[in-house]
Amino acid sequence: NLINKLKLGSKVKPTRRVWIPKPGKDEERPLGIPTMYDRALQALVKMALEPEWEAKFEPNSYGFRPGRSCHDAIGAIFLGIRSKSKYVLDADISKCFDEINHVRLLEKLNTYPTLRRQVRAWLKSGVLDDKKLFPTEKGTPQGGVISPLLANIALHGMEEEIKKLSETFDMKEKRGRQMAKRDKRKSVNFIRYADDFVILHEEIEKIQICKEHISKWLNDMGLELKPSKTRITHTLDGYKEEKPGFDFLGFHIQQHTVGKYQSGRVKDKKEGKGRLLGFKTIITPSKESQKRHYKKVAETIEKYKGQSQTILISKLNPIIKGWCNYFSTVISRKAFGRLYHLIVWKLIKWGIKRHRNKGKKWVYLKYFRKIGNDNWTFATNREDNNPIILLKHLNFPHTNLL
């Protein structure tokens, strides 16, 4: 029985390397899959370590943590910019899981010797790729049960480092006096989800200082920022040649100038109604997310071109449902409507390929039916009282831009 055999300090077998494609890219990501024994032991160790570290982790760290999600991170960004437009350092750590320094990670873990040796053994276990054994001198294997926790431990302290740095900023009040340290700490926002993070501040000079400082901090852990995915912009006006707004976790966050009748207000003790902002913070599905979703739907339609309508709908519905649920909390009506329009024409082409001697009208009459006030519902046989219906993006909860 595997449970009875689990014991700390046992020998560790190498992980098996499997390459999986990165979503929407031609690159591949390496996964290190441990043996069943090691996975079970890692799960046990994680259950022991996680409560201790959950008590220590910083408030604005959201990735791979129980009870926290991408939407919590987006909510934190919204709270940081809703009453004031800010500059943004939108950064990504290059090959975070593969480059973490083992010595620094084990120092940070700071646990008792037996568990330290066990974690070190997992880190140094090596990988089997195409029947060849490669040593692992750095990084944590993606695919291991304990790896996300170890990555969070390695990156723990980034927010506090930025907050401490903010205390040294040259920031003055209206009267010309230096601001209190507490107010300086509040002026900067740091939000991290796994290896993606953003830093928000109203002054560009402070953002550049933060970028240099966090790069040095990461170098100590054997990590560095990825230049192609690291940019500085502004939520409202852009910066240099950069467009305003930024993408984070599949969402596009941007502020737009509006008139006084559309503008929100920020509370002010001196002014009764509050000060007019002059802009609105709008969060939508990013263009890249929309492209990836449409590509996945199109590939599924192509893959099942020889199958029945029932099978095609059963394969498409989970894809549409998952994507729409993820973006249902933001302003998504325009994106949802556009995507379903594109998918309808893709489905008409699917029908034409199946029936080459028939025209568009015949395909429409065979595969689409009127349900309620909608004539464009992709559903099974018209004579069936319980047709199988393709889910529509706009039937999911969504917000319109008003």
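Just so you know, the residues in each chain are numbered from 1, in the order the chain's sequence is written. It should be noted that, the model being predicted, local features are given only for residues of pLDDT at least 70 and side-chain atom pairs only at 80 or more, the latter also being counted only at that level, while totals for whole chains, interfaces and linings use all residues. The side-chain quantities take in all heavy atoms of the structure and omit both hydrogens and water.

Chemist: What is the right way to look at empty space enclosed by the protein in this model?
Modeler: Once rolled over the atoms, a probe with the size of a water molecule shows which space is left empty. Here a cavity is any set of points on a 1 Å grid over the protein atoms alone where a 1.4 Å probe fits but cannot get out, and a pocket is any open set with protein on both sides within 12 Å along at least 5 of 7 lines; a residue lines the site when it has an atom within 4 Å of a point. Grid points are joined across faces, edges and corners, and a volume is the space filled by probe spheres set on the points. One pass over the structure, following the stated rule, counts two cavities of 30 Å³ or more. The computed volume of the largest cavity comes to approximately 40 Å³. Looking at the largest cavity, the residues that line it are Gln42, Trp122, Leu123, Thr140, Pro141, Gly144, Ile146, Ser147 and Leu150. Residue assignment for the lining of the largest cavity shows that the elements contributing at least two residues are helix H6 (113-123) and helix H7 (147-155). For the lining of the largest cavity, the class distribution of residues is five nonpolar, four polar and no charged. Size it by volume and the second largest cavity reaches roughly 30 Å³. Each helix is a run of H or I in the DSSP string that is no shorter than four residues. Each strand is a run of E no shorter than two, and both are numbered from the N terminus. Among the elements of the structure, helix H4 (96-99) and H7 are those that each provide at least two residues to the lining of the second largest cavity. For the lining of the second largest cavity, the leading source of residues is H7, giving three residues. When residues are grouped by polarity, Ala, Val, Leu, Ile, Met, Phe, Trp, Tyr, Cys and Pro land in nonpolar, Asp, Glu, Lys and Arg in charged, and all others, Gly among them, in polar. Considering only residue class, the lining of the second largest cavity consists of six nonpolar, one polar and two charged.

Chemist: Hey, could you run me through unusual backbone geometry in this one?
Modeler: A negative phi angle is the norm for most residues apart from glycine, just as the trans form is the norm for most peptide bonds. Phi at Asn110 is positive, roughly 50°, even though this residue is not glycine. Its place among the elements puts Asn110 in the loop between helix H5 (102-109) and H6. Note on classification: 1.4 Å probe, protein chains only; a residue is buried when its accessible area is under 20% of the maximum for its type, exposed when over 50%, partly exposed between these limits. Assessed through its relative accessible area of 64%, Asn110 is described here as exposed.

Chemist: Before we go on, may I ask you to explain the pairing of strand S1 (residues 15-21) in this structure?
Modeler: For a regular strand, the rule is simple: side chains alternate between the two faces of the sheet. If DSSP finds at least two bridges between two strands, the strands pair. By the bridge criterion, two bridges tie S1 to strand S4 (residues 127-129) in an arrangement that is parallel. If you follow Thr15 over to S4, its bridge partner there is Val127. Pairing of S1 with strand S2 (residues 28-33), which is carried by six bridges, proceeds in the antiparallel orientation. Opposite Val18, over in S2, you have Leu31 as the bridge partner.

Chemist: Help me understand the sheet that holds strand S9 (residues 246-248) in this model?
Modeler: The strands that make up a sheet pair up through hydrogen bonds in the backbone, lying either parallel or antiparallel. Pairing in this open sheet of three strands is antiparallel, and the strands run S9-S10-S13 from one edge to the other. Every interior strand has two partners, whereas the edge strands, S9 and strand S13 (279-285), have only one. With strand direction ignored, the average angle separating the axes of adjacent strands in the sheet is 30°. Note that strand S10 (residues 251-257) and S13 share seven bridges and pair antiparallel. Residue pairing in the sheet places His256 in a bridge with Lys280 of S13. Here the axes come from fitting lines to C-alpha atoms, over the contacting stretch only for helices, and the angles between their N-to-C directions go from 0 to 180 degrees.

Chemist: So what exactly am I meant to see when it comes to helix H12 (residues 309-327) here?
Modeler: Since one α-helical turn is 3.6 residues long, residues separated by three or four positions face the same way. When the terminal C-alpha atoms of H12 are compared, their 27 Å separation across 19 residues agrees well with the 27 Å that a helix rising 1.5 Å per residue should span. The principal kink in H12, of about 25°, is found at Leu316, preceding the proline Pro318 by one to four residues. All of the buried residues in H12 are Gln309, Leu312, Ile313, Leu316, Asn317, Ile319, Ile320, Trp323, Cys324 and Phe327. In this structure, the buried side of H12 is in contact with S10, S13, helix H11 (287-303), helix H13 (333-354), helix H14 (360-367) and strand S15 (374-378). The span one expects for a helix is its residue count, reduced by one, times 1.5 Å. Fitting one axis to the seven residues ending at a residue and another to the seven starting there, the bend at that residue is the angle between the two axes. Any two residues having at least one pair of non-hydrogen atoms within 4.5 Å are treated as being in contact.

Chemist: I keep staring at the confidence of the model for the protein chain and nothing clicks. Help me out?
Modeler: Across the protein chain, pLDDT averages 88, with 95% of residues at or above 70. Known as pLDDT, the predictor's per-residue confidence is scaled from 0 to 100. Per-element confidence in the protein chain is highest for strand S6 (residues 189-193), whose mean pLDDT is 95, and lowest for strand S11 (residues 265-266), whose mean pLDDT is 66.

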